[in-house]
Amino acid sequence: MTVNLVIGAQWGDEGKGKVVDYFSKDADYVVRFQGGNNAGHTIKVGDEIYKLHVTPSGVIQGKTGVIGNGVVLDPEILINEINNLKKRGIKPKILISDRTNIIMPYHKILDGADEKYLGDKKIGTTKRGIGPCYSDKVARKGIRAIDLTDKNTLSKKLDEIIPIKQRILDVYNIDKKLDKKEILDAYIRYGEKLKDFVTTTHIELNNAIKNNKNILLEGAQGVMLDVDYGTYPYTTSSHVIAGGSSIGTGIGPKNINDIIGIVKAYTTRVGEGPLPTELFDKTGEYLQQKGHEFGTTTSRPRRCGWLDLVVVKHSCMISGITKLAITKLDVLDNLETVKICTKYELRGKEIDYFPANIEDVKKCKPVYKEFKGWNKINGNSTKFADLPKEAQEYLKFIEKELKTPIAIISIGPRRKETIEV
Ligand code: GDP
Ligand code: IMO
Ligand code: MG
């Protein structure tokens, strides 16, 4: 029995989809535990590309995909993803926690309204209703998956919630009248389609542990988008860090074996907020083009920069990462020099931790260590020794600085372009 956890150690889009798919071969269950369809996880199998937003990536390998209680679920998106997968010959096995909070139409409208209100201080959210849905969850005004299977309960809850949401929309000057009947009918229809999947997933998963099954927990976003430990307020609204996986599944922390931190060989970020190693020059453009750094969910260009080890050290500490998976190493091919940020300079002093004050983060200047670049990684490399000497040096430095072993090196988007160390 193993329970392994995969999380992003930067600002998301590290290649979690690829790595989760790779590890799924040994799993019985693959579980999403936080976030919602703000995520976009890409899996490339041969020439087939799958882009999943809320369906756990393990379904591509035929494993049971579990949507944990910590997720915020847009039922329409899940139903569409299931239908699209079926059209492509994959019949996903899905379970949804009865406690999963549901993204409602007013959450999506309010996400857009908040952003508009913030103007140039906006977060740059995906406008999928994530923040407003989590806000309702902690304010105890949430609709949960179980409610979609009981028209009476849902109707009563909507009677309480809709007038409040309408007032907020009016304050924001949003010309939208929420129609209770329309919402109730639509969500009861979703409930009818999903009711066979809605269950006590926390019991199913704990029984699976007792029965020696393997579970893979699939993080979304990255530690720097965590609502407590990220670049607050430029974060998402969930607990992205390893601790969030216990909250979001009902699996006790002691049951988790390996915590695999996914680290892109450079840094990217979508949306607003500081990014200390951001490159505004030709190299930044090169990484964006070569790495196809355009959002899987919103198609927005991702901002690019050098690898920031202050960030990854922070992530390793906060999440107790036991192993690293380095992705997209091939994107650094053909550069004369490559750089790694090891410290920041703030008000004339060097610091090696990530500040809480966002104004301080904006002032942090990266201190770099420079490395000789390499020509081209052979896409058929199967072991560490096959990599160019310079790339080996780059990786050894990362491992030494982070005091955490590298278990996986990804040198391309496909399953086979993966080196186990
Ligand atoms: P996620 O959100 O962490 O799952 O990452 P995304 O799927 O949003 O973005 C990662 C992108 O990089 C996807 O298009 C992947 O197919 C691609 N990718 C993953 N690993 C590698 C790699 O090692 N090399 C290259 N070139 N692309 C990769
Ligand atoms: P995956 O799982 C990258 C970013 C948004 C925005 C901030 C808040 O594919 O790595 P939200 O809609 O969550 O309220 O937006 O978080 N963001 C992501 N950036 N990858 C993601 O997911 C992200 N999910 C949210 O761009 O800056
Ligand atoms: Mg993504």
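Residues numbered from 1 in each chain as written. Chains lettered and ligands numbered in written order. Predicted model: local features only at pLDDT ≥ 70, side-chain atom pairs only at ≥ 80, totals over all residues. Heavy atoms only, no water.

Observations concerning the packing of helix α10 (residues 309-319) against helix α12 (residues 389-402)
Packed helices, taken two at a time, are described by the angle between their axes plus the distance between the axes. Two numbers describe how α10 lies on α12: the axes approach to 10 Å, and their chain directions differ by 50 degrees. The angle between α10 and α12 places the two elements in the oblique class. Considering the relative orientation of α10 and α12, their crossing is right-handed. Contact with α10, carried on its side by L309, V312, K313 and C316, involves F397, I398, E401 and L402 of α12 and no other residues of that element. Split by residue class, the contact of α10 with α12 holds six nonpolar, no polar and two charged. (Axes fitted to C-alpha atoms, helices over the stretch in contact; angles between N-to-C directions. Helix = DSSP H or I, 4+ residues; strand = E, 2+ residues; numbered from the N terminus. Parallel < 35°, antiparallel > 145°, perpendicular 65-115°, else oblique. Left-handed = near helix turned anticlockwise from the far one by under 90°. Contact = heavy atoms within 4.5 Å. Nonpolar A, V, L, I, M, F, W, Y, C, P; charged D, E, K, R; others polar.)

Section: the site of ligand 1
Near ligand 1, the surroundings consist of 18 residues, among which K16, G17, T42, D330 and S410 are the closest. D13 has a polar side-chain atom sitting 3.0 Å from an oxygen atom of ligand 1. Its free accessible area being 590 Å², ligand 1 has 91% of it covered by the protein chains. When contributions to the shell around ligand 1 are tallied by element, the ones reaching two or more residues are α1 (16-24) and β3 (41-45). Of all the elements, α1 adds the most residues to the shell around ligand 1, at three residues. A per-class count over the shell around ligand 1 returns three nonpolar, eight polar and seven charged. (Near = heavy atom within 4 Å. Polar contact = N/O pair within 3.5 Å; in protein donor to acceptor, adjacent residues only side chain to side chain. Areas by Shrake-Rupley, 256 points an atom, 1.4 Å probe, with all protein chains shown as cover.)

Points about the site of ligand 2
Around ligand 2, 20 residues are found, and the nearest of them are D13, K16, H41, T126 and T236. At a separation of 3.4 Å, an oxygen atom of ligand 2 approaches a polar backbone atom of G124. In the environment of ligand 2, an oxygen atom lies 2.8 Å from a nitrogen or oxygen atom belonging to the backbone of Q221. Taken by itself ligand 2 offers 550 Å² of open surface, and the protein chains cover 98% of this. Split by residue class, the shell around ligand 2 holds six nonpolar, eleven polar and three charged. Here the shell around ligand 2 spans two domains, since at least three of its residues come from each of domain 1 (3-90 + 201-420) and domain 2 (101-194). (Domains from an automatic or database assignment.)

A look at the packing of aromatic side chains
Inspection of every chain in the model, using the stated rule, returns seven aromatic pairs. Taken together, F371, W374, Y394 and F397 form an aromatic cluster joined through their ring pairs. Over the ring of Y22 we find K25, and its NZ or CZ is 3.9 Å from the ring centre. If you follow K369 out to its NZ or CZ, it ends over the ring of F371, 5.4 Å from the centre. (Phe/Tyr/Trp six-rings, centres within 6.5 Å; stacked < 30°, edge-to-face > 60°. Lys NZ or Arg CZ within 6 Å of the ring centre and 35° of its normal.)

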